[in-house]
Amino acid sequence: MSSDESFNDEYLDKSSPIRMSDRVLRSSSVSTSSDQRMPMNFINETYSSTSSNTKRISNENLTSRSIFYSASDHEVVERSSQIFDVSHLKECIDTAHICPGGRLELIIDAGKSFGLFHKNGLKCSICNKITDLTNFPAQPARHIQEPNQRLYAASAISGIGYDTTQFVLSLLGISVPSRSNFYNQVYNLYDQLFDFAHADFLTLINEIRNNAKCDSKTILNLTVSLDGTWKKRGHHSMYGVVFLIDADSGFCLDFETLSTRCGTCEYKSHQKKCSKTWDGSAGGMEKEGAKKIFERSLEKGVRYSNMISDGDSSAYETVKYIYANMLLNDRSRSISHENRTTTDLLLENEHHDNHNSNSFLLSDEYKSYIVTKEDCINHVKKRVSSYLKTLKNRHTGFEEEQEEHLTTTKHQKGVSSSINKRRRRRCLADGKPYGGGVGRMTKSMEKKLSDYYGLAIRYSSEVAKGTGIIFVYS
Ligand SMILES: [Zn+2]
Ligand SMILES: [Zn+2]
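For the structure given in this document, a descriptive report is provided here. (Residues numbered from 1 in each chain as written. Chains lettered and ligands numbered in written order. Predicted model: local features only at pLDDT ≥ 70, side-chain atom pairs only at ≥ 80, totals over all residues. Heavy atoms only, no water.)

### Description of the overall build of the chain
Rules: To qualify as a helix, a DSSP run of H or I must reach at least 4 residues; to qualify as a strand, a run of E must reach at least 2; elements of each kind are numbered from the N terminus. When a residue's accessible area, from a 1.4 Å probe over protein chains only, is under 20% of the maximum for its type it is buried; when over 50% it is exposed; and in between it is partly exposed. Contacts are residue-level and defined by heavy atoms, with any inter-residue pair within 4.5 Å sufficient.
A count of helical and extended segments in the chain gives 13 helices and 12 strands. Burial statistics for the chain: of 474 residues in total, 26% are counted as buried. Of all intrachain contacts in the chain linking residues separated by at least 6 positions in sequence, the fraction that spans at least 24 positions is 56%.

### Details of the coordination of the zinc ion (ligand 1)
Quick note on the threshold: The rule for donors is simple: N, O or S, within 2.8 Å of the metal, or within 3.2 Å if the metal is Na, K or Ca. Water isn't counted, so a site may look like it is missing partners. Key to geometry: four donors with every angle between 85 and 135 degrees are tetrahedral; four donors are square planar and six octahedral where opposite donors lie over 155 degrees apart and all remaining angles lie between 65 and 115; all other sites are irregular.
The zinc ion (ligand 1) binds to the protein through H97 (NE2), C99 (SG), C124 (SG) and C127 (SG), with metal-donor distances spanning 2.1 to 2.4 Å. Each of the 4 donor atoms around the zinc ion (ligand 1) contributes to a set of angles spanning 92 to 120°, which defines the coordination as tetrahedral.

### A few points about the sheet that holds strand 9 (residues 302–309)
In any sheet, the strands associate via hydrogen bonds between backbone groups, in a parallel or an antiparallel arrangement. This is how the line gets drawn: For two strands to be treated as a pair, DSSP must find at least two bridges joining them. Every axis in this analysis is a line fitted to C-alpha atoms, fitted for helices over the stretch in contact. Angles between the N-to-C directions lie between 0 and 180 degrees.
Strand order in the open sheet made by the 5 strands is 8-7-6-9-10, with mixed pairing throughout. A strand with exactly one partner marks an edge of an open sheet, and here the two such strands are strand 8 (252–259) and strand 10 (372–375). Averaged over neighbouring strand pairs, the angle between their axes works out to 30° when direction is ignored. Relative to strand 8, strand 7 (residues 239–246) runs antiparallel, the two sharing 7 bridges. When the sheet's bridge partners are listed, V242 is paired in strand 8 with E256.

### Topic: the coordination of the zinc ion (ligand 2)
The protein atoms donating to the zinc ion (ligand 2) are C262 (SG), C265 (SG) and C274 (SG), with metal-donor distances spanning 1.9 to 2.1 Å. Mapped onto the polypeptide sequence, the residues donating to the zinc ion (ligand 2) form the spacing pattern C-x2-C-x8-C. Since its relative accessible area comes to 26%, C274 is described here as partly exposed.

### Some remarks on the sheet that holds strand 5 (residues 130–134)
As summarised here, the arrangement of the 3 strands in space is 3-4-5, forming an open sheet in which the pairing is antiparallel. Each having just a single partner strand, strand 3 (104–107) and strand 5 make up the two edges of the open sheet. Within the sheet, the average angular offset between the axes of one strand and its neighbour, ignoring direction, is 25°. Two elements, strand 3 and strand 4 (residues 119–124), share 4 bridges in a ladder whose sense is antiparallel. Pairing of E105 across the sheet is with K123, part of strand 4. With respect to the sheet, helix 3 (residues 86–95) is in contact with strand 4 and strand 5, its orientation differing from that of strand 5 by roughly 175°.

### What to know about the nonpolar core
Nonpolar side chains in soluble globular proteins tend to end up buried together. Basically, it comes down to this: The set of buried Ala, Val, Leu, Ile, Met, Phe, Trp, Tyr and Cys residues whose side-chain atoms join them within 4.5 Å is what this entry labels a nonpolar core.
Within the largest apolar cluster, 32 residues are counted, with the highest numbers of intra-cluster contacts made by L222, L226, L244, F294, Y304 and M307. The set of elements that each furnish at least two residues to this core consists of helix 6 (179–211), strand 6 (220–230), strand 7, strand 8, helix 7 (285–295), strand 9, helix 8 (314–319) and helix 9 (322–341). Among residues more than four places away in sequence, those in contact with L244 are V224, S225, L226, F251, C252, L253, D254, I293, F294 and Y304. Counting residues in hydrophobic clusters, the runner-up holds 11 residues, among them Y162, I174, F182 and L189.

### Digging into unusual backbone geometry
Backbone geometry at N128 places phi at a positive 65°, although glycine is not the residue there. The exposure class of N128 is partly exposed, given its relative accessible area of 48%. The phi dihedral of K213 is positive, around 55°, even though this residue is not glycine. Looking at the element boundaries, K213 is found in the loop between helix 6 and strand 6. Classification of K213 as exposed rests on a relative accessible area of 74%.

### What to know about the packing of helix 12 (residues 377–395) against helix 13 (residues 443–465)
When two helices pack together, their arrangement is given by the angle between the helix axes and by the axis-to-axis distance. Quick note on the threshold: Under this scheme an angle from 65 to 115 degrees is roughly perpendicular, one under 35 degrees roughly parallel, and one over 145 degrees roughly antiparallel; angles in between are oblique. Here is the rule for handedness: rotate from the far helix to the near one, and if that takes an anticlockwise turn smaller than a right angle the crossing is left-handed, while a clockwise turn gives right-handed. Residues are grouped as follows: Ala, Val, Leu, Ile, Met, Phe, Trp, Tyr, Cys and Pro are nonpolar; Asp, Glu, Lys and Arg are charged; every other residue, Gly included, is polar.
Between helix 12 and helix 13, the shortest axis-to-axis distance is 9 Å and the interhelical angle comes to 150°. With respect to their mutual orientation, helix 12 and helix 13 come out roughly antiparallel. The two elements helix 12 and helix 13 meet at a crossing, and its hand is right-handed. For the pair helix 12 and helix 13, the contacting residues are I377, N378, V380, K381, V384, S385, L388, K389 and K392 in the first and E446, L449, S450, D451, Y453, G454, I457 and R458 in the second. Among the residues making up the contact of helix 12 with helix 13, the classes are represented as 7 nonpolar, 4 polar and 6 charged.

### Points about empty space enclosed by the protein
Definition in use: With a 1 Å grid spanning the protein atoms alone, the term cavity applies to any set of points in which a 1.4 Å probe fits but cannot get out, the term pocket to an open set with protein on both sides within 12 Å along at least five of seven lines, and the term lining residue to any residue with an atom within 4 Å of a point. Grid points are joined across faces, edges and corners, and a volume is the space filled by probe spheres set on the points.
The tally for this structure, following the rule as stated, stands at 4 cavities of 30 Å³ or more. Empty space within the second largest cavity amounts to approximately 40 Å³. Every residue lining the second largest cavity is listed: G228, T229, W230, G240, V241, V242, L258, M285 and E286. Looking at the lining of the second largest cavity, the elements that each hand over two or more residues are strand 6, strand 7 and helix 7. Broken down by class, the residue content of the lining of the second largest cavity amounts to 5 nonpolar, 3 polar and 1 charged.

### Topic: the layout of surface pockets
Stated precisely, the cut-off is as follows: Source of the domain bounds: an automatic or database domain assignment.
Put simply, the largest pocket is a space of about 1,500 Å³. Residue lining of the largest pocket: 32 residues in total, with Y187, Y190, D191, T257 and S275 positioned closest to the centre. At the level of secondary structure, the elements contributing two or more residues to the lining of the largest pocket comprise helix 6, strand 7 and strand 8. In terms of residue count, helix 6 provides more of the lining of the largest pocket than any other element does, 8 residues in total. Counted by class, the lining of the largest pocket contains 14 nonpolar, 12 polar and 6 charged residues. Both domains that furnish three or more residues to the lining of the largest pocket are identified here as domain 2 (81–177) and domain 3 (193–372). Empty space within the second largest pocket amounts to approximately 310 Å³. Where the lining of the second largest pocket is concerned, the elements lending two or more residues are helix 4 (146–158) and helix 6. Considering only residue class, the lining of the second largest pocket consists of 5 nonpolar, 7 polar and 1 charged.

### As for the side chain of T165
Structurally, T165 can be placed in helix 5 (residues 162–171). Among residues more than four places away in sequence, those in contact with T165 are L151, I160 and F182.

### Looking at the environment of S460
Operational definition: N or O atoms within 3.5 Å of each other form a polar contact, as long as, within protein, one can give a hydrogen and the other can take it, and as long as residues adjacent in sequence are counted only when both atoms are side-chain atoms.
Structurally, S460 can be placed in helix 13. A polar contact of 3.1 Å, which involves the side chain of S460, links it to the backbone oxygen of I457.

This is the structure in structure tokens:
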């Protein structure tokens, strides 16, 4: 407690039912004139209703602040809250049965409550007939009630677990579904979200195929961008996710999550449904995810034939030959199948086979199956500017030069040597500093250089495509 705060316990009425913890904390900077103080009888009134059920602390205990009493002396006043759908509440009240001249009595929790769902009743004071008053529209039996469904969805989307949810809701006096029920339903929702996402990706791909006027048998080539991220930074994360985005439409078309651990198998023996999908470093997750995404693309009717790289080409290298190798495997399988049927021509075929596969590797068909890479111009620009920053770090600042001086001190007869450290500003070969001043590198020049670099690539590629205009200055 800071010094400018004080208890106003000199005004505490010892016969009042106020417990020690209920004393009013007030800052001394507030005027203490008696007319501005909260009247004691008002406090008595407000507390007498809530403390009527609680055990009173004896007057002896109140005489000294140093006497502590056990926390168990406090009797917990159970309070409960319910969340209401107001339009449903209004409808229930409007349609409730009431005899002429009668009154409606609210019966709280008339039936069994399920988590956030409560079943109350409205009783007619004349005929005692009870109309149901649920806090949300009731779902049929064995269905998840709406408020609980919303709670599970909120947890699944936000990632907030049971303990936090229970903590917040219990402070508000709201009862929560049981832990096992909660997690069963949240995991259920995760599965549903996963299925929904993949079904959504399929409809997107079909839309893209329809827009490209692609018939059902042809496989559409797409330009895509792929990137991965981790749950935690620093290449130690146990979970990673890789996304694939269609460059033209900007839609996400697929994703793959990778996990180096499985919560179930850590407690029990290895289960059939195991969530461990990767047994390697966090850095290798992007490559593995890219491979899986590319492998399943053909069954969706698309081929990710062109990849926009973000500068890190390791993922590209793993998928570069993925379609070409699939084609090669298909070919060798069909050839070996033919071999089995015509065993007499085995030797001749083998000779043909080798010859065929070698020439096939050079064929245009094989080459067209190799995934090509494009570098994102903005990433190239970024790399130019980061290289300029490295240059700046290398050539600016100070460098230390050590000189040994022989100094003679007056008081101490003799010769002592001391090392004198001198710092000198780093300079370029022409003897002038790297940055600052006229004719030297500046921050705006760094930006200009990287921008022009990007512009030059963009412009020259447009010229190469035949869409650019060449200005001729004379
Ligand atoms: Zn009635
Ligand atoms: Zn497992």
